[in-house]
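Summary of structural features
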Amino acid sequence: QVQLVESGGGLVQAGGSLRLSCTASGRTFSNYIMGWFRQAPGKGREFVAGITRSGGSTSYADSVKGRFTISRNNANNTVFLQMNSLKPEDTAVYYCAASYYGSISANYEVYDYWGQGTQVTVSS
């Protein structure tokens, strides 16, 4: 089992920044692809960003490309999501997820473990 705990969400004005963190425990963190997803009220779970086991490769949704940056620190079992130039449409619950097999995927069904989520609200 892998336990994931997100933190760093909150309320921010449009144009502002937030940095989300997700700390893992239970298994070898560096064995897992890590992803960030989000879910707005009334909408499905949406891929935001993903990072390979070593951190050498990343992938982003078009809606956040150039504004968000995913990174990881395997020594501290943590993955981050730096969010800049936030927009009201970025408002959602943000989840981190871990996948043992394969590569970065935008399909939430391939991820094995999920955190409880952290709320991000961007006011206009």
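Going by the structure above, here's the rest.
Residues numbered from 1 in each chain as written. Predicted model: local features only at pLDDT ≥ 70, side-chain atom pairs only at ≥ 80, totals over all residues. Heavy atoms only, no water.

1. Regarding the state of the cysteines
The full count for this structure, using the stated rule, is one disulfide. A sulfur-sulfur distance of 1.9 Å marks the disulfide that ties C22 to C96. With the S-S bond torsion at 45°, the cross-link from C22 to C96 turns out right-handed. Here C22, found in strand β3 (residues 18–25), pairs with C96, found in strand β9 (residues 92–99); they are 74 residues apart in sequence, far enough to count as distant. Of the two residues, C22 and C96, both sit in the buried class. (Disulfide = S-S within 2.5 Å. Helix = DSSP H or I, 4+ residues; strand = E, 2+ residues; numbered from the N terminus. Buried < 20%, exposed > 50% of the residue type's maximum accessible area, 1.4 Å probe, protein only.)

2. Let's talk about the pattern of salt bridges
Oppositely charged side chains may form a pair once their charged atoms are brought near each other. Summed over the entire model, instances satisfying the criterion amount to four salt bridges. When the shortest N-O distance is used, the salt bridge between R38 and E46 registers 2.8 Å. Given a relative accessible area of 6%, R38 falls into the buried group. Judged by its relative accessible area of 33%, E46 is partly exposed. Of the charged contacts, one joins K65 and D62 as a salt bridge, the two residues approaching to 3.1 Å between their closest N and O atoms. (Salt bridge = Lys/Arg side-chain N within 4 Å of Asp/Glu carboxyl O.)

3. Some words on the nonpolar core
In this structure, L4, M34, W36, L81, M83 and Y94 are the most contacted members of the largest nonpolar core, which totals 31 residues. Within the residue set of this core, elements represented by two or more residues are β3, β4 (33–39), β5 (46–51), β7 (68–73), β8 (78–83), β9 and β11 (118–123). Ranked by size, the runner-up nonpolar core spans six residues in total, among them I33, F37, A97 and I104. (Core = buried A, V, L, I, M, F, W, Y, C linked by side-chain atoms within 4.5 Å.)

4. What to know about the sheet that holds β3
With respect to topology, four strands assemble into an open sheet ordered β1-β3-β8-β7, the strand pairing being antiparallel. The sheet terminates laterally at β1 (3–7) and β7, the two strands that pair on one side only. Neighbour-to-neighbour, the strand axes of the sheet open up by a mean angle of 15°, direction not taken into account. By the bridge criterion, six bridges tie β7 to β8 in an arrangement that is antiparallel. Considered in β8, the bridge of S71 is made with F80. (Pairing = 2+ DSSP bridges. Axes fitted to C-alpha atoms, helices over the stretch in contact; angles between N-to-C directions.)

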